[in-house]
Every structure is written in C-alpha cells, then in structure tokens.
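# Reading the structure
The chain contents come next:
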Amino acid sequence: MANRLKDNLNSQYFEAANRLKSKQARRRIVAYVESYDDIYFWRTVLSPFENAERYFEVMLPSHQKLERGKKSVLMNFVGDHVGPDMIACVDADFDYLLQGATPQSKKVLESPYVFHTYAYAIENLQCYAPSLHETCVAVTLNDHRIFDFEEYLRLYSDAIFPLFVWSVWFYRTGRHNRFSLTDFGRIVDPGGFNVQEPQHSIDHLRKKVAVKVRQLQAEYPDNKEEFLKTKESIKALGVTAQTTYLYIQGHQLFDNVVVPILNKVCNRLRQERQDEIARTARHHMQKRNEMSCYEHSLQDIRQSLKKNTGYQLSPQFLRIRQDLEQYFTTARKSPEI
C-alpha cells in the first residue's frame, strides 16, 4: 500500500509540474533507469523522440536514497497505470526470454510504461559485433582491419548455443539453482585468446560446452522434447546460434570476452602505427613530436566501448525504437497516455 501510494504521488507530482507550465511549454517525461551507465545509453535511445511537445529527463529511481537497480526502477510502476509522465527503461536480462514466467518478467513485458533492451543488457548492445572495428579505430586511430570481430562472435555464439538453451530451460522451469547464470558464465569464458589464431579459444570452448551438455543430458535423460521446444521458442524471440552473445550476461560478455579481445587487437594496431611513425620520420625530433601527438590522441578502450553507439543498426535496438514509436503513437490518440 505504501509503495502504491508513493507511485501515485510521484506520478501526480510530474503531472502537476507539467500542468504548471504554459501550454506552449514542452511536456517533461521522466525516464527511470538502472545505473549511471544506463543514463547515456537511454538518452541516445530517447533523443529522437523529443519534439515540440515533449522532452525526457533520464535519471536514477531516487535522488535521495541513491537507489539503483532494476527492482528499484520497477517499484515505481506497481499499478497498471501510474501516469503518462513516467516511463521505465531497463535491461531485459532473462525477463524477455522467460516470457512472463515470473512476476517481474510479466511486468517488464506487459506494462505499457516499461521499455527493455531485448538484448540481455546495454553492455551486449555496446559489444554489437559489426560496430567493434569502429571502436578500435576510435581507440587507436588506425583503420587497418586485422581481426574479424563478426566472425569470431558468430563462432563464439555457435559454440555456446546448446548450453544456452539448457540455461533458459533451467530458469523457465524454476530450476536455476541447479544451473545458474554464474555456472553458465564460468563455462563460456573463452579464457586465453590469440589474435592470429583465435580458433584455438573457440575449439577449447566447444570442448568445455560439450562436456557440460553431456553431463546435463545424463542428469535429465527424458528432457529431449522440452529442450527442443525451448530451442525453437527462443529462436522465435530472435536468439540464434549466431547471435547468442547478445543474450548472455552483459558484464560477462563485456569483461571476459570483448574487452580482452579489444585489448590485444588495439595493442597491435597501436604498435603498427608507432612502427609506421618510426619508419617514416625524417629525424629524431619529428619522430618524438609525432609519437607524442599520436599517444595523446589515443582513447581508453572501456570508455570508448561504453560510448559506442554502433548498436543503433542492430535488430534489438530497432525493436526498442519500434516499441517507443508505438507508445507515442498511442499517446497522441489517447488522453490517458
């Protein structure tokens, strides 16, 4: 009751604040997000929907208690209708793949005021494979393509897909304590990586996955039909053997898969550029000045990846855009939204 009252008061506050403005003023819509990093991401999502009638302020759920996280965001949306001046923008996590199997999943998928990433988290979209070369260019200022990120993440996804299907099945059936996302993450960590011979890490990963899949098949010998149903159902949601990396835990993908690859690729690209400067400089002073200029222009890998917006061409991002377009189209037709 207290939470519902708080939600209604928040909604009434934003609505009243908007009414105090002149009729010509734009309407302020508050977008609650989970963390500081989410603020920039959702700003890039929402900006195209600002117009002469509305603008957004993206913020954490509470300025007073510094609350963060998905549950904190969703607490503001307990009722079926809390008002048109608040929306929630959250990571899909497993809620999208659970398809309403839990109360939280049901709220994320069915509330008209809650928007989600479709990929597991914003980190997955920041690691969108077709955009990673551009991230390398931003970091090193070297446009030489020395590594095929799309092919590697396609092979990585294909290697982990069978175990990922098992993971979804465990969570949909409430058995996640038998095989948690943490357990899954330990197995799908590719470990060592070599830019020149990336296939070695994929082969090692396939072996680890195969061992665990055989173990699960032995523990659940009658699960073949349910496994195939789960496989087909998540494919219908957009998960394929080539795109699984977008649906695993975001921090796992970011920290244990993509950043280690970027570190090694960018180190080679930096060295390549430095060798070129050393080779073409006409004298020592020119070499020193050019090296200094180049080194001062380099960017941090993690920060560049967090600011990467190449995901805007991904099917997942386009679905977010589609949901927002549908919401605001409905808003123009309905006095309640």
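Read on for a plain summary of the structure.

Cut-offs and rules
In this convention, every chain numbers its residues from 1, walking through the sequence in written order. The model is predicted, so local features are restricted to residues of pLDDT at least 70 and side-chain atom pairs to those at 80 or more, both for listing and for counting; the totals for chains, interfaces and linings are taken over all residues. Only hydrogens and water are removed before side-chain values are computed, so all heavy atoms of the structure are retained for them. Runs of E in the DSSP output that reach at least two residues are strands. Runs of H or I that reach at least four are helices, and both are numbered from the N terminus. Polar contacts, as counted here, are pairs of nitrogen or oxygen atoms within 3.5 Å of one another; within protein the pair requires one atom able to donate a hydrogen and one able to accept it, and residues that are adjacent in sequence qualify only if both atoms are side-chain atoms. By the convention used here, residues are in contact when the closest approach between their heavy atoms is within 4.5 Å. Take a side-chain nitrogen of Lys or Arg and a carboxyl oxygen of Asp or Glu: if they are within 4 Å of each other, that pair is a salt bridge. Accessibility here uses a 1.4 Å probe with only protein chains present; expressed as a share of the type maximum, an area under 20% marks a residue as buried, one over 50% as exposed, and anything in between as partly exposed. Centre distance within 6.5 Å is the pairing criterion for rings of Phe, Tyr and Trp, where only the six-membered ring of Trp is used; planes under 30 degrees apart are then read as stacked, over 60 as edge-to-face, and the remainder as tilted. Here, a charge over a ring is recorded when the distance from Lys NZ or Arg CZ to the ring centre is within 6 Å and its angle to the ring normal is within 35 degrees. Angular values range over 0 to 180 degrees, each being the angle between N-to-C directions of two axes fitted as lines to C-alpha atoms, with helices fitted over their stretch in contact. Whether a crossing is left-handed or right-handed is set by the direction in which the near helix is turned from the far one by less than a right angle, anticlockwise for left-handed and clockwise for right-handed. Throughout this entry, Asp, Glu, Lys and Arg are counted as charged residues, while Ala, Val, Leu, Ile, Met, Phe, Trp, Tyr, Cys and Pro are counted as nonpolar. The remaining residues, Gly among them, count as polar. A strand pair is defined by DSSP finding two or more bridges across the two strands.

### Considerations on the side chain of T140
- Positionally, T140 belongs in helix α7 (residues 132–140).
- In terms of polar contacts, T140 uses its side chain to reach the backbone carbonyl oxygen of C136, at 2.8 Å.
- Not counting residues up to four positions away in its chain, the partners in contact with T140 are C266, L269, R270, Y294 and L298.

### Some thoughts on the pattern of salt bridges
- Scanning the model with the defined rule gives 14 salt bridges in all.
- Notably, a salt bridge pairs R154 with E151, separated by 2.8 Å at the nearest N-O pair. Of this pair, R154 and E151 both sit in helix α8 (residues 149–172), three residues apart, which is roughly one turn of that helix.
- For R154, a relative accessible area of 32% corresponds to the partly exposed category.
- Since its relative accessible area comes to 32%, E151 is described here as partly exposed.
- With a shortest N-O distance of 2.3 Å, R273 and E276 are connected by a salt bridge. With a gap of three residues between them, R273 and E276 both fall in helix α12 (residues 250–280), about one helical turn apart.
- According to the relative accessible area criterion, E276 is partly exposed, its value standing at 31%.
- In this structure, a network of salt bridges that share partners links the residues K70, D93 and D95.

### Remarks on the packing of aromatic side chains
- Scanning all chains against the criterion turns up 26 aromatic pairs.
- Each ring, one from F147 and one from Y152, has its centre 5.8 Å from the other, and the planes form 50°; the classification is tilted. An identical accessibility class is assigned to F147 and Y152; each is buried.
- Through a chain of ring-to-ring contacts, the aromatic side chains of F94, Y120, F164, W166, W169, F170, Y171, F179, F184, Y220 and F227 assemble into a single cluster.
- The ring of F328 has R54 lying over it, and the distance from NZ or CZ to the ring centre is 3.9 Å.

### Re the packing of α8 against α12
- For the pair α8 and α12, the least separation of the axes is 12 Å and the interaxial angle reads 145°. Classified by chirality, the crossing of α12 by α8 is right-handed. Every residue of α12 that contacts α8 at F149, Y152, L153 and Y156 is listed here: V257, I261, L262 and V265.
- Taken together, the residues of the contact of α8 with α12 break down into eight nonpolar, no polar and no charged.

### Some points on the sheet that holds strand β1 (residues 27–32)
- Reading across the sheet, the four strands line up as β2-β1-β3-β4 and stay open at both edges, with parallel pairing between neighbours. The sheet is open, and its two borders are formed by β2 (54–59) and β4 (114–116), each paired with just one other strand. On average, each strand axis in the sheet is inclined to that of its neighbour by 30°, with strand direction left out of account.
- Pairing between β1 and β2: six bridges, direction parallel. The residue bridging A31 from the neighbouring strand is V58, located in β2.
- Contacts from helix α2 (residues 36–46) reach β1, β2, β3 (86–90) and β4 within the one sheet, and its direction differs from that of β2 by about 165°.

Structural measurements only, silent on function.
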